[in-house]
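Structure at a glance
These are the residues of each chain, in order.
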Amino acid sequence: MKDFLLVFRTDYSNTPNASPDEMQAMTKRWMDWMGGIAAQNKLTDRGNRLALSGKVARPGNIITDGPYSEIKESIGGYSIVKANSLDEAAELAKGCPILTIGGNVEVREINEM
Amino acid sequence: MKQTELIPHLFRTEYRKIVAVLYKLFGIEHIEIAEDIVSDTFLLASELWGLKGVPENPTARLYTVAKNKTKDYLKHHSIFTQKISKEIKYSGTTFHEIEIDLSTKNINDSQLAMIFAVCHPCNPAEAQIGLALNLLCSFSVVEIANAFFTNKEVIYKRLQRGKEKLRTEKIKIEQPGLSEINERLPVVLLTLYLLFNEGYYSSNQDISLRKDLCLEAMRLTYLLIENDYTNKPAVNALFSLMCFHSSRFEARINEDGGTILYEDQDTNLWDKELIEKGEYYLNLASKGDELSKYHLEAAIAYWHTHKEDTEQKWENILQLYNQLLQIEYSPIAALNRTFALAKANGKKDAIAEAEKLNLIDNHLYYALLGNLYTDIDNAKALQHYQKALSLTSSNSEKVTIGRNMEKVIPR
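An account of the accompanying structure is given in this report. Predicted model only: the values in this text are computed from it and were never measured.

This part is about the overall build of chain A. Broken down by element type, chain A carries two helices and six strands. Helices and strands in chain A line up, N terminus first, as β-α-β-β-β-β-α-β. With respect to the principal axes defined by its C-alpha atoms, chain A has extents near 45 × 45 × 20 Å. Sorting the 113 residues of chain A into buried and exposed places 18% on the buried side.

The following block contains the structure:
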């Protein structure tokens, strides 16, 4: 089994404000999805969420507000799963709740240094 | 209490207390000497009391006899006193000054020190459990063999190897330090948890033996609660879990020792007092920021003390299993989580998730699939139940599966 990084992206600027009930329902969907991966013994690290704002260091001693002004999508969080292949890891990503709000999941194999 | 019952009773309650103090005094190198002295004490008491009648305070008399016998032993074994008493370094005194302290505090401290010595990771878990039963609970080799479904030669060897390992590793029987407690408590708790499970989930027909295993595990866990240094949230959580589970002990076993399933249990047989105790210790366990698997399992067991199916109950159980699996995967937790998913989110979701588990060697996996497909696709349910039957050799499991099968067999 190899480890794969799942990166959750969506356009957070475009997400409508959710009611407390909707937020709770969303949290449940995330918990159930993670629990489902853990139940297959394929969760290496549930990972974390990232704060929405950030900064980017660029060449020439320049710091800009980030992450990227040219695309609206930003990284909202990440998890690490284990699978036998990239296809299998991508299969796990299919149920991710971020897909229901127009986001996507990037799946990348982790090559240990 | 009649005299014929008194000695066996005292043997059960007092032997392990006195011997723990002597184990600690003599060290792991000489545990047999400690055992001989305490056995002699009981032998002498039963002879003497048979002739002269039982003294007014038999426990105090026993302690006095044990103290004298220990002092005699130290006095008369010159080799021991010259060479080995130097090794009685835990007390830091010469044998003339040795006070054999059989106060409640020292008994508890000695037992605690023994728990940490016995549950040392230098031995595999099954040896730790065997040693705990033998040295801390004074179970005989035969009793342990019965509990483990094996013969006494296997257990005898296991115990000898375990003791030898403790000696070669020079494991000390002493009050563990603070950093040691933090480092070693997880192994100690795991051993006590497995000891409890040995009694609770065993298919052994000897119900009183199973109950004894559970009670001993609870007694030892409670010793950790009574000590300020080991009274940690995870210990309270484990004790709470044991209370919740054992509250159903009477209700879940029929007269033949078979298991009565949760949904068929008579709630009147649930022990309310133990449920309240479980709640009390679960509350204590929630002080602090530690969330161990015992916390999650105790919380799941708490919800199972509510018999009615409510949305809140199953949603909570599902989320607790979601968290538990993230801390530690086990096939049984994965199956239970999927059952909770069916109750909380519906069978359709649960079937999709169950198919992904792929636990194809596990009869419980097929029993779960059989349950999920019941009333959705009874032909499939039947196939899964048949597969489950072919994978188990346990008679009580077969009876349970057979009963569930009747619901899906076409008439």
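Before going further, it helps to spend a moment on the overall build of chain B. For chain B, the helix and strand inventory stands at 19 helices and zero strands. Along the longest, intermediate and shortest principal axes, the C-alpha atoms of chain B span 80 × 45 × 40 Å. Counting across all 411 residues of chain B, residues that qualify as buried make up 37%.

Further remarks concern the interface of chain A and chain B. Tallying the contact residues gives eleven residues for chain A and twelve residues for chain B. Within the residue set of the side of chain A that touches chain B, elements represented by two or more residues are α1 (20–39) and β2 (43–49) of chain A. The class makeup of the residues in the side of chain A that touches chain B is five nonpolar, four polar and two charged.

All names here are of chain B. With respect to the secondary-structure elements, Leu 282 resides in helix α12 (residues 272–285). According to the C-beta neighbour criterion, Leu 282 is buried, with 22 such atoms within 10 Å. Spatially, the C-alpha atom of Leu 282 lies 34 Å from that of Asn 404, the residues being 122 residues apart in sequence. Apart from the residues lying within four places of it in its own chain, the contact partners of Leu 282 are Ala 237, Ser 240, Ala 298, Ala 299 and Tyr 302.

What follows concerns the packing of helix α16 (residues 347–357) of chain B against helix α17 (residues 363–373) of chain B. All names here are of chain B. The geometry of α16 relative to α17 is characterised by a closest axis approach of 10 Å and an angle of 155 degrees between their N-to-C directions. Of the possible angle classes, the one that applies to α16 and α17 is roughly antiparallel. Between α16 and α17 lies a crossing of left-handed hand. Packed against α16, whose contacting residues are Lys 347, Ala 350, Ile 351, Ala 354 and Leu 357, the element α17 presents Tyr 365, Leu 368, Leu 369, Leu 372 and Tyr 373 at the interface. The residue inventory of the contact of α16 with α17, partitioned by class, reads nine nonpolar, no polar and one charged.

Residues and elements named next belong to chain A. In space, the four strands of this open sheet follow the order β2-β5-β1-β6, with antiparallel pairing throughout. One side of each edge strand has no neighbouring strand; the edge strands of this open sheet are β2 and β6 (104–109). Neighbour-to-neighbour, the strand axes of the sheet open up by a mean angle of 20 degrees, direction not taken into account. Of the strand pairs in this sheet, strand β1 (residues 2–10) and β6 are connected by six bridges, and their pairing is antiparallel. Its bridge partner lying in β6, Phe 8 is registered against Val 105.

Residue and element names in this part refer to chain B. Where helix α5 (residues 104–118) contacts helix α6 (residues 125–136), the two axes come as close as 9 Å, and the packing angle between them is 155 degrees. One element, α5, and the other, α6, form an angle in the roughly antiparallel class. Of the two elements, α5 crosses α6, and the hand of that crossing is right-handed. Contacts between α5 and α6 involve Gln 111, Met 114, Ile 115 and Val 118 from the first element and Gln 128, Leu 131, Ala 132, Leu 135 and Leu 136 from the second.

Side chains that are nonpolar tend, in soluble globular proteins, to be buried together. One finds Leu 22, Met 114, Ile 115, Ala 132 and Ala 298 of chain B to be the most contacted residues of the largest nonpolar core, which totals 116 residues. Ignoring any residue separated from it by four or fewer positions in sequence, one finds Met 114 of chain B in contact with Ala 20, Tyr 23, Lys 24, Leu 135, Leu 136 and Ile 173 of chain B.

Moving on to helix α11 (residues 233–247) of chain B. Between the first and last C-alpha of α11 of chain B there are 21 Å, a value that for 15 residues agrees with the 21 Å anticipated at 1.5 Å per step. α11 of chain B sits mainly inside the fold: 13 of its 15 residues count as buried.

Before going further, it helps to examine α6 of chain B. Working note: α-helix, 3.6 residues per turn, so residues spaced by three or four point in the same direction. Residue and element names in this part refer to chain B. The terminal C-alpha atoms of α6, which comprises twelve residues, lie 15 Å apart, in line with the 16 Å expected from a rise of 1.5 Å per residue. Across the twelve residues of α6, ten count as buried, placing the element largely inside the fold. Residues of α6 that are buried include every one of Ala 127, Gln 128, Ile 129, Gly 130, Leu 131, Ala 132, Leu 133, Asn 134, Leu 135 and Leu 136, and no others. Phi turns positive one or two residues past the end of α6, at Ser 138, with a value near 45 degrees.

Let us now look at the environment of Lys 387 of chain B. Residues and elements named next belong to chain B. Positionally, Lys 387 belongs in helix α18 (residues 378–391). You can call Lys 387 partly exposed: it has 17 C-beta atoms within 10 Å. Along the sequence, Lys 387 and Tyr 365 sit 22 residues apart, while their C-alpha atoms lie 9.6 Å from each other.

Turning next to unusual backbone geometry. Residues and elements named next belong to chain B. For Lys 170, which is not glycine, the phi dihedral falls at a positive 50 degrees. Mapped onto the elements of the fold, Lys 170 is located in the loop between α8 (152–168) and α9 (178–200). A residue is classified by how many C-beta atoms lie within 10 Å of it, and Lys 170, with 9 of them, is exposed. Located in the positive-phi region is Asp 375, a residue other than glycine, with phi close to 75 degrees. Tracing the backbone shows Asp 375 in the loop between α17 and α18. Residue class for Asp 375 comes out exposed when judged on the 11 C-beta atoms lying within 10 Å of it.

Reading guide: rules and limits
- Residues numbered from 1 in each chain as written.
- Chains lettered and ligands numbered in written order.
- Predicted model: local features only at pLDDT ≥ 70, side-chain atom pairs only at ≥ 80, totals over all residues.
- Helix = DSSP H or I, 4+ residues; strand = E, 2+ residues; numbered from the N terminus.
- Buried ≥ 20, exposed ≤ 12 C-beta atoms within 10 Å, placed from the backbone.
- Contact = placed C-beta atoms within 7 Å.
- Nonpolar A, V, L, I, M, F, W, Y, C, P; charged D, E, K, R; others polar.
- Axes fitted to C-alpha atoms, helices over the stretch in contact; angles between N-to-C directions.
- Parallel < 35°, antiparallel > 145°, perpendicular 65-115°, else oblique.
- Left-handed = near helix turned anticlockwise from the far one by under 90°.
- Pairing = 2+ DSSP bridges.
- Core = buried A, V, L, I, M, F, W, Y, C linked by C-beta atoms within 7 Å.
- Expected span 1.5 Å × (residues − 1).

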